[in-house]
Amino acid sequence: IFGVFTIVSFMVNFFGFFGDVGLGAALIQKKEKLTDDDLKTTFTIQQLLVGIVTIALFVASPLLSRLYGLEESQSMTWLIRVMSLSLLISSFKVIPSILLERMLKFNYLIIPEILEVISFQLIAIGMALSGYGVWSFVFATIVSRVIGMLSLFVLSPWRVAFGVDMLAAKELFRFGLPYQLTGIIGLMKDAVTPIFVGMLLGAQVI
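The structure displayed is predicted, hence computed values, not measured ones.

With that out of the way, let us pick up the overall build of the chain. Regarding its fold elements, the chain presents eight helices and zero strands. For the chain, the succession of helices and strands along the chain, N to C, is α-α-α-α-α-α-α-α. Burial analysis of the chain (206 residues in total) assigns 46% to the buried set. For the chain, long-range pairs separated by at least 24 residues make up 81% of all intrachain contacts whose partners lie at least 6 apart in sequence. A total accessible area of about 11,000 Å² is found for the chain, and carbon and sulfur atoms account for 70% of it.

Listed below in structure tokens is the structure:
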């Protein structure tokens with residue numbers, strides 16, 4: 001069960017990495033004051049990319065399940081689909097988090113993280129004791145991220161808005177893309193065991 005959850009969570013996070021092109025980091029390092037166009041552009045592009053990744057995971061989940069030989073016994077297809085929703089939830093946390101970081105309010109940033117950890121542990125343990133198996137981790141992940149997202153919006157209110165300003169996007173991409181590419185190497189290294197070794201030897205070895 002631990003192996004299956006580890007594989008699915010790493011798989012979702014691995015693909016989710018390509019739903020972020022470093023725009024959040026570009027906003028954090030920007031010396032000038034952030035404009036509404038900066039925030040809307042970053043949010044809109046990220047939502048578009050994360051939406052594409054989520055749809056891709058939803059469609060490809062049967063194939064990914066067959067690669068691990070777990071499509072029947074562990075319902076891995078639906079595990080991947082449900083876990084991919086966590087990417088969409090987390091994408092809503094980006095702008096409020098950036099606004100807090102820009103104001104150096106790190107004491108506020110830790111509150112959602114604490115709430116997520118506590119809620120995850122309580123839900124996962126409670127459901128596991130009730131016999132829900134690997135779904136205990138999945139449900140705990142989704143609910144805890146929703147709690148973290150909502151608490152961030154309370155601490156750092158931001159009115160969700162869509163729109164793309166091409167000039168703002170160009171400036172953000174100039175920093176964001178090289179920044180994101182440097183992280184891919186580290187991600188590949190961390191993903192070797194849960195994704196590729198699991199594919200070859202099975203979830204029981206993870």
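Considering all chains together, one arrives at four aromatic pairs under this definition. Measuring from ring centre to ring centre gives 5.9 Å for F58 and W78, while their planes differ by 85°; the resulting arrangement is edge-to-face. Here F58 is found in helix α3 (residues 36-68), whereas its partner W78 is found in helix α4 (residues 76-91), with 20 residues between them in sequence. Judged by its relative accessible area of 37%, F58 falls in the partly exposed class. By relative accessible area, which is 47% here, W78 ends up partly exposed. The ring of F58 carries R81 above its face, with NZ or CZ at 4.2 Å from the centroid. The ring of W78 carries the charged tip of R81 above its face, separated from the ring centre by 4.7 Å.

Right, let's talk about a nonpolar patch on the surface for a bit. Among the surface-exposed residues, Y108, I110, I111, I114, L115, I118, L122 and I147 lie close enough to one another that they form a single nonpolar patch of about 660 Å² accessible area. The biggest single contributor to the nonpolar patch is helix α6 (residues 106-129), with seven residues. Taking relative accessible area as the criterion, L122 reaches 61% and is therefore assigned exposed.

With that out of the way, let us pick up the side chain of S84. Note that S84 resides in helix α4. Excluding residues that lie within four positions of it along the chain, S84 makes contacts with V12, T54 and L57.

Take the environment of F137 next. For F137, the location among the structural elements is in helix α7 (residues 135-155). Note: C-alpha distance between F137 and F2 (135 residues apart in sequence) is 8.9 Å.

With that settled, consider the nonpolar core. Ranked by size, the top nonpolar core spans 24 residues in total, and within it F5, V8, M11, L57, M76 and I80 carry the most contacts. With six residues, helix α1 (residues 2-16) is the single largest residue contributor to this core. Filtering out sequence-adjacent residues up to four positions away, I80 remains in contact with V8, M11, V12, L57, S61, L64 and S65.

What follows concerns the packing of α1 against α7. Closest axis-to-axis distance for the α1/α7 pair is 10 Å, and the angle between their directions is 40°. The angle between the axes of α1 and α7 places the two elements in the oblique class. Here F2, F5 and N13 of α1 lie close against α7, whose contacting residues are F137, V138, T141 and R145. A breakdown of the residues in the contact of α1 with α7 according to their chemical character gives four nonpolar, two polar and one charged.

Overall, the coordinates contain two salt bridges when judged by the stated rule. Two residues, K30 and D38, come together in a salt bridge whose shortest N-O distance is 2.5 Å. Just as K30 is buried, D38 falls in that class too. As a salt-bridge pair, E116 and K93 come within 2.6 Å of each other at their nearest N and O atoms. With a gap of 23 residues between them, E116 in helix α6 and K93 in the loop between α4 and α5 (94-102) connect regions that are remote in the sequence.

Calculation criteria
Residues numbered from 1 in each chain as written. Predicted model: local features only at pLDDT ≥ 70, side-chain atom pairs only at ≥ 80, totals over all residues. Heavy atoms only, no water. Helix = DSSP H or I, 4+ residues; strand = E, 2+ residues; numbered from the N terminus. Buried < 20%, exposed > 50% of the residue type's maximum accessible area, 1.4 Å probe, protein only. Contact = heavy atoms within 4.5 Å. Areas by Shrake-Rupley, 256 points an atom, 1.4 Å probe, with all protein chains shown as cover. Phe/Tyr/Trp six-rings, centres within 6.5 Å; stacked < 30°, edge-to-face > 60°. Lys NZ or Arg CZ within 6 Å of the ring centre and 35° of its normal. Patch = residues over 30% accessible without salt bridge, like charges linked within 9 Å, V, L, I, M, F, W, Y side chains within 5 Å. Salt bridge = Lys/Arg side-chain N within 4 Å of Asp/Glu carboxyl O. Core = buried A, V, L, I, M, F, W, Y, C linked by side-chain atoms within 4.5 Å. Axes fitted to C-alpha atoms, helices over the stretch in contact; angles between N-to-C directions. Parallel < 35°, antiparallel > 145°, perpendicular 65-115°, else oblique. Nonpolar A, V, L, I, M, F, W, Y, C, P; charged D, E, K, R; others polar.

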